[in-house]
Amino acid sequence: MQFFLDTANLEDIKKYASWGIVDGVTTNPSLIAKEGVSLEKRIKEIAKVVRGPISSEVVSNDLEEMLKQGRTYARWANNVYVKVPMTPAGLQAVKIFNKEGIKTNVTVTFSAGQALLAAKAGATLVSPFIGRLDDISEDGMALIADIVKIYRNYDYKTKILVASIRHPRHVIEAAKLGADIGTMPPAVLEQLVHHPLTDAGIKKFLEDWEKVKGLQ
Ligand code: E4P
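A brief look at the structure comes next.

Reading the values: the criteria
- Residues numbered from 1 in each chain as written.
- Predicted model: local features only at pLDDT ≥ 70, side-chain atom pairs only at ≥ 80, totals over all residues.
- Heavy atoms only, no water.
- Helix = DSSP H or I, 4+ residues; strand = E, 2+ residues; numbered from the N terminus.
- Buried < 20%, exposed > 50% of the residue type's maximum accessible area, 1.4 Å probe, protein only.
- Contact = heavy atoms within 4.5 Å.
- Areas by Shrake-Rupley, 256 points an atom, 1.4 Å probe, with all protein chains shown as cover.
- Lys, Arg positive; Asp, Glu negative; His and termini not counted.
- Charge placed at Lys NZ, Arg CZ, Asp CG, Glu CD.
- Polar contact = N/O pair within 3.5 Å; in protein donor to acceptor, adjacent residues only side chain to side chain.
- Near = heavy atom within 4 Å.
- Nonpolar A, V, L, I, M, F, W, Y, C, P; charged D, E, K, R; others polar.

A closer look at the overall build of the chain
Next, step 1: Tallying secondary structure elements over the chain gives eleven helices and eight strands in all.
Next, step 2: Dimensions along the principal axes, computed over C-alpha positions, put the chain at roughly 75 × 40 × 30 Å.
Next, step 3: Across the 216 residues of the chain, 46% fall into the buried class.
Next, step 4: The contacts of the chain with a sequence gap of at least 6 include a subset with a gap of at least 24, amounting to 57%.
Next, step 5: Only carbon and sulfur atoms are counted for the fraction: they give 55% of the accessible area of the chain, which is about 11,300 Å².
Next, step 6: Looking at charge distribution, the chain has the averaged site of its 28 positive side-chain charges lying 5 Å from that of its 25 negative ones.

This is the structure we're talking about:
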């Protein structure tokens, strides 16, 4: 399973990239707004740290404008993926970007039907938002199970990027289902590494080692 960081915070990206387990980064307009930087500046900065896919989202519902923005993003670095919304214009944009060799990530996806359309359009990635489904008392993980099954039935090449992850359990369940990628906030990555028994075990080993380390 590939791990992407779902943040535009450069310090966090540098920190977790140094762990050697960050395969890519997803951003969205809200994450960029949180950082108060220009999209171009931040995407270029991220591209200096992470070699894997970096998603940069178009901010228009108009096809021509989506194409213009996406082509611009794709010139910023060769690992930029253009994030397009799940709309008819978004699907059209995916087809055109495909022909131009520009990688895509179909975002704000909430149903298996939408994921099927994204695959048919030839999206490189599809981003089902599981946390937001859970937030409204729906079952985000059931959606991932449906998409995994559908894509396997037809051998679609579109990769399933599980988005809107809220906690480590989401990551584990998505991995059990065979989802290709999980994009997670830094806090979730931090939670994944820790376990109280690990902390207690290390502490005890260090304490016991102190008792014998000087012995010949
Ligand atoms: C990632 O591509 C999405 O933009 C992100 O995971 C959405 O997460 P949120 O529901 O926590 O905003």
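Digging into the side chain of Asn-79
Next, step 1: Looking at where Asn-79 falls in the secondary structure, it is placed in the loop between helix H4 (63–76) and strand E4 (80–85).
Next, step 2: On the accessibility criterion, Asn-79 (9% relative accessible area) is buried.
Next, step 3: In this structure the side chain of Asn-79 is engaged in a polar contact, spanning 2.9 Å, whose partner is the backbone oxygen of Gly-52.
Next, step 4: Setting aside residues no more than four positions away along its own chain, Asn-79 makes contact with Ala-47, Val-50, Arg-51, Gly-52, Pro-53 and Ile-54.

Section: the site of the ligand
Next, step 1: In the vicinity of the ligand, the contacting residues are Asp-6, Thr-26, Asn-28, Lys-83, Phe-129, Arg-132, Ala-163, Ser-164 and Arg-166.
Next, step 2: The side chain of Asp-6 places a nitrogen or oxygen atom 2.6 Å from an oxygen atom of the ligand.
Next, step 3: Residue Arg-132 places a side-chain N or O atom 2.7 Å away from an oxygen atom belonging to the ligand.
Next, step 4: The residue inventory of the shell around the ligand, partitioned by class, reads two nonpolar, three polar and four charged.

Focus: unusual backbone geometry
Next, step 1: If you check the backbone angles, Asp-155 has positive phi at about 55° while not being a glycine.
Next, step 2: Here Asp-155 lies in the loop between helix H8 (140–154) and strand E7 (159–162).
Next, step 3: Since its relative accessible area comes to 53%, Asp-155 is described here as exposed.

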